[in-house]
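Examining the three-dimensional arrangement
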Amino acid sequence: MGNERWTRRQFVGRAGKTAGGVVLGLGLADLLAACGTTTTSSSAGTGNLEIFSWWTAGGEADGLKEMFGIYSKKYPNVKIINAAVAGGAGTNAKAVLKTRMEGGKPPDSFQVHAGQELISTWVKADKMEPVTSVWNDQGWDKTIPSDLKNIVSSNGQVWSVPVNVHRGNALWYNKKLLDQNKITPPKTMDDFLSALGALKSKVQAPLALGSQGNWQVQMLLENNILAAGGPDFYKKVFSGQASFTDANVKQALTWIKSMLNYVNSDHPTLGWDDADKRLIAGTSVFNIMGDWAKGYFTANSWVANTDFGAAPSPGTSGNYVIVCDTFGLPKGAPDRDNAIAWLKVCGSEEGQAAFNPKKGSIPARTDVPASIFDPIAQQFIAEFKTDALVPSSAHGSATPDAFASAVNDEMGQFVINKNVDKTSSNLQQLSDEFLKA
Ligand code: GAL
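So, here is what we can say about the structure in this document. (Residues numbered from 1 in each chain as written. Predicted model: local features only at pLDDT ≥ 70, side-chain atom pairs only at ≥ 80, totals over all residues. Heavy atoms only, no water.)

1. Quick look at the overall build of the chain
Where we set the bar: Comment: elements are numbered from the N terminus, with helices defined as DSSP H or I runs of at least four residues and strands as E runs of at least two. The size measure is the radius of gyration over C-alpha atoms, and the globule rule it meets is 2.2 Å times the number of residues to the 0.38 power. Categorising residues by exposure relies on relative accessible area from a 1.4 Å probe, with only protein chains included: less than 20% of the type maximum marks a residue as buried, more than 50% marks it as exposed, and the intermediate range marks it as partly exposed. Residue contacts are defined here by distance: any two heavy atoms, one from each residue, within 4.5 Å place the two residues in contact. Only the protein chains shown count as cover for residues, and the accessible areas themselves come from Shrake-Rupley with a 1.4 Å probe. For the purpose of charge, His is not counted, nor are the chain termini; Lys and Arg are scored as positive and Asp and Glu as negative. Charged groups are reduced to one reference atom each: NZ for lysine, CZ for arginine, CG for aspartic acid, CD for glutamic acid.
Along the backbone of the chain there are 16 helices and 15 strands. For the chain, whose C-alpha radius of gyration is 21 Å, the value lies close to the compact-globule estimate of 22 Å for 437 residues. Dimensions of the chain, computed from C-alpha atoms along their principal axes, come out at roughly 60 × 45 × 40 Å. Out of the 437 residues in the chain, the part that is buried amounts to 59%. Taking the intrachain contacts of the chain between residues at least 6 apart in sequence as the baseline, contacts between residues at least 24 apart amount to 79%. Carbon and sulfur atoms make up 49% of the accessible area of the chain, which amounts to about 15,600 Å² in all. Of the charged side chains in the chain, 41 are positive and 41 negative; the average position of the first set lies 1 Å away from that of the second.

As structure tokens, then:
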């Protein structure tokens, strides 16, 4: 039942055994044991609940609010403190969280990506409590796929609760502008670059980019590596088993260089949502972004497949870059019982049915009816069942935070120097430093 949709697929990533013994690919086996106290049933009801995230933009903030609404109905006397720190992909939030965690002032629960960001940062540092007993009490084995459970598990414990699955490799377009210019949604990189060329004289900047924090450029890199090398190469290069000086990576960088001919020049000062605003304004036609962009579009009353459309990012059909948001329980959470009650909302059918349509993601649970989602989400739900799944590096699952943030800096340099050979060799140095330990 619940786990069926995962059985035929491989979630390819860093080779390693997970708690469940399945070869999954996130290198969890070599992570340190982290034994916290065992969670028990909660008695939430009074006091505060402080939830830390970076969900402040249109769509994502609305999804969060839905879950707060459900929580407040159940626990009307708990005061919810929304401690969200603005900045896409958590560029600012992660620094604030680190200071708080190191200073012994954790929030009650915080947003964290499944995989390396959770396990090799917080679990390894012994900062989390396991949520295994909550998981078991709620019977989530029946409704959350085992592969998803495995990437939030290590050493026989579950460490966080997946609330969604985002798709990182998506191309968004202003449908009316595309139709007007008689351009069909591009599938290959060649189609994409020729569409950009055809649109250059028609709109201000055919490809919208908001590169504040540079993680958006890392997304272009990972999507293009997937397009050039396929999922097996992707898996190898992001686990230190293939070189960033490989021709596939150079091809990926060369494609980014070509794309940069068509982007808005103010991109370093814009966030991802500012870039998507350009599609709505009609000053750009395309944006390559995770499907939180869909949450933003629909929050701005844009209708899926009428005002905007989506396709896998060029050259990546048949592949799904996974970005999985979860919530965990930090050790020393000031309102621990309220936090456990929050995790139950995050993992519930009700919570995920309310959250995901607004957030733009598909649910982590398999029992949320697809019919409540827009047609693009329905398409993604279907493709998720059959596509090759690969974890995102830019969004914390495939690689440790230190690597992802160094790659952000490197890609920030690349948009300026556009030097393919130098960048690929610098990326390889980062791989040697962070992925081979
Ligand atoms: C990702 C996160 C998404 C969305 C996005 C933009 O890291 O997983 O939920 O928030 O950043 O901020």
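2. Description of the site of the ligand
To be explicit about the condition: Any residue with a non-hydrogen atom lying within 4 Å of a molecule or strand is treated as near it. The term polar contact refers here to a pair of N or O atoms within 3.5 Å; inside protein, the definition further demands a hydrogen-donor-capable atom paired with an acceptor-capable atom, and it admits residues adjacent in sequence only when both atoms are side-chain atoms. Basically, the charged four are Asp, Glu, Lys and Arg, the nonpolar ten are Ala, Val, Leu, Ile, Met, Phe, Trp, Tyr, Cys and Pro, and anything else, Gly included, counts as polar.
Taken together, 14 residues are adjacent to the ligand, and Glu60, His113, Asp325, Lys359 and His395 come closest. Taking Ala89, its main chain carries an N or O atom lying 2.9 Å from an oxygen atom of the ligand. Note that an oxygen atom of the ligand is positioned 2.7 Å from one of the side-chain N or O atoms of His395. Against a free-state accessible area of 300 Å², the protein chains account for coverage of 100% of the ligand. Its residues placed into classes, the shell around the ligand shows six nonpolar, five polar and three charged.

3. Points about the sheet that holds strand β11 (residues 308-312)
Put simply, the rule reads: Here, a strand pair is defined by DSSP locating no fewer than two bridges between the strands. Helix axes use the C-alpha atoms of the stretch in contact, all axes being lines fitted to C-alpha atoms, and the angles between their N-to-C directions lie in the range 0 to 180 degrees.
Strands sit in the order β10-β9-β11 across an open sheet of three strands; the sheet is antiparallel. With partners counted over all chains shown, the strands left at the sheet margins are β10 (286-288) and β11, one partner each. Sheet twist, expressed as the mean angle between neighbouring strand axes with direction ignored, is 20°. In this structure, strand β9 (residues 170-174) lies alongside β11, joined through five bridges in antiparallel fashion. Bridged to Asn174 within β11 is Phe308. Each of β9 and β10 touches helix α10 (residues 272-281); the most contacted strand, β10, lies at about 155° to it. Contacts between helix α14 (residues 375-386) and the sheet are confined to β9 and β11, with β11 contributing the most and set at about 15° to the helix.

4. Brief notes about the sheet that holds strand β8 (residues 164-167)
With respect to topology, four strands assemble into an open sheet ordered β14-β8-β12-β15, the strand pairing being mixed. The open sheet terminates on both sides in strands that have one partner only, identified here as β14 (362-363) and β15 (388-391). Summarising the sheet, β8 and β14 pair through two bridges and their orientation is antiparallel. Along β14, the bridge assignment pairs Asn164 with Pro363. Against the sheet, helix α8 (residues 215-237) touches β12 (319-323) and β15, its axis set at about 105° to β12.

5. Points about helix α2 (residues 93-102)
Put simply, the rule is: The arc in question is traced by the directions running from the helix axis to the C-beta atoms.
Regarding α2, the residues found buried are Ala93, Leu97 and Met101. Mapping the buried residues of α2 onto a view down its axis gives an arc of 60°, with all of them on the same face. Across from the buried face of α2, at angles greater than 90 degrees, the exposed residues are Thr99 and Glu102. Among the structural elements, β1 (48-52), β3 (109-113), α3 (116-123), β4 (128-129) and β13 (325-330) are those in contact with the buried residues of α2. With its phi angle positive at about 70°, Gly104 sits one or two positions after the end of α2.

6. Quick word on the state of the cysteines
We apply this condition: Pairs of cysteine sulfur atoms within 2.5 Å are what we label disulfides.
Counted according to the given criterion, the structure contains zero disulfides. Free of any disulfide, Cys324 has its nearest neighbouring cysteine sulfur in Cys346, separated by 12 Å. Of the residues examined, Cys346 reaches a relative accessible area of 0% and is grouped as buried.

7. A word on the packing of aromatic side chains
The criterion, for reference: In this scheme Phe, Tyr and Trp rings, the latter by its six-membered ring, pair at centre separations within 6.5 Å, and the angle between planes marks the pair as stacked below 30 degrees, edge-to-face above 60, and tilted otherwise. Both a distance and an angle decide whether a charge sits over a ring: NZ of Lys or CZ of Arg must be within 6 Å of the ring centre and within 35 degrees of the ring normal.
Evaluated as defined, the whole model comprises 23 aromatic pairs. For the ring pair Trp272 and Tyr296, a centre distance of 6.0 Å and an interplane angle of 75° mean the geometry is edge-to-face. Residue Trp272 is located in helix α10, and its partner Tyr296 is located in helix α11 (residues 292-299); the two are separated by 24 residues in the primary sequence. In this structure, Trp272 and Tyr296 share a single accessibility class: buried. Here the aromatic residues Trp172, Trp272, Tyr296, Phe297, Trp302, Phe308, Tyr320, Phe380 and Phe384 are joined through ring pairs into a cluster of three or more. The residue whose ring lies beneath Arg167 is Phe380, and the NZ or CZ to ring-centre distance is 4.8 Å.

8. Digging into the pattern of salt bridges
Under the convention used in this document: By definition, a salt bridge exists where a carboxyl oxygen of Asp or Glu is found within 4 Å of a side-chain nitrogen of Lys or Arg.
Applying the stated criterion to the full structure yields 18 salt bridges. The residue Glu117 makes a salt bridge to Lys94 at a minimum N-O spacing of 3.1 Å. Pair noted here: Glu117 is in helix α3 and Lys94 is in helix α2, with a separation of 23 residues, a long-range link. When its relative accessible area of 3% is taken as the criterion, Glu117 is described as buried.

9. Overview of the packing of helix α15 (residues 401-417) against helix α16 (residues 420-434)
Heads up, the rule is: Angle categories are assigned with fixed cut-offs, so that under 35 degrees is roughly parallel, over 145 is roughly antiparallel, 65 to 115 is roughly perpendicular, and the rest are oblique.
The interhelical angle for the contact between α15 and α16, taken along N-to-C directions, is 170°, at an axis separation of 10 Å. The angle between α15 and α16 places the two elements in the roughly antiparallel class. Here Ala402, Phe403, Ala406, Val407, Glu410, Met411, Phe414 and Asn417 of α15 lie close against α16, whose contacting residues are Val420, Lys422, Thr423, Asn426, Leu427, Leu430, Ser431 and Phe434. The class makeup of the residues in the contact of α15 with α16 is 10 nonpolar, four polar and two charged.

10. A word on unusual backbone geometry
Even without being glycine, Ala89 reaches a positive phi, approximately 60°. Here Ala89 lies in the loop between β2 (79-82) and α2. We note that Lys182 has phi near 55°; this positive angle belongs to a residue other than glycine. Tracing the chain through its elements places Lys182 in the loop between α6 (175-180) and α7 (189-199).

Function cannot be inferred from these measures alone, as they are strictly geometric.
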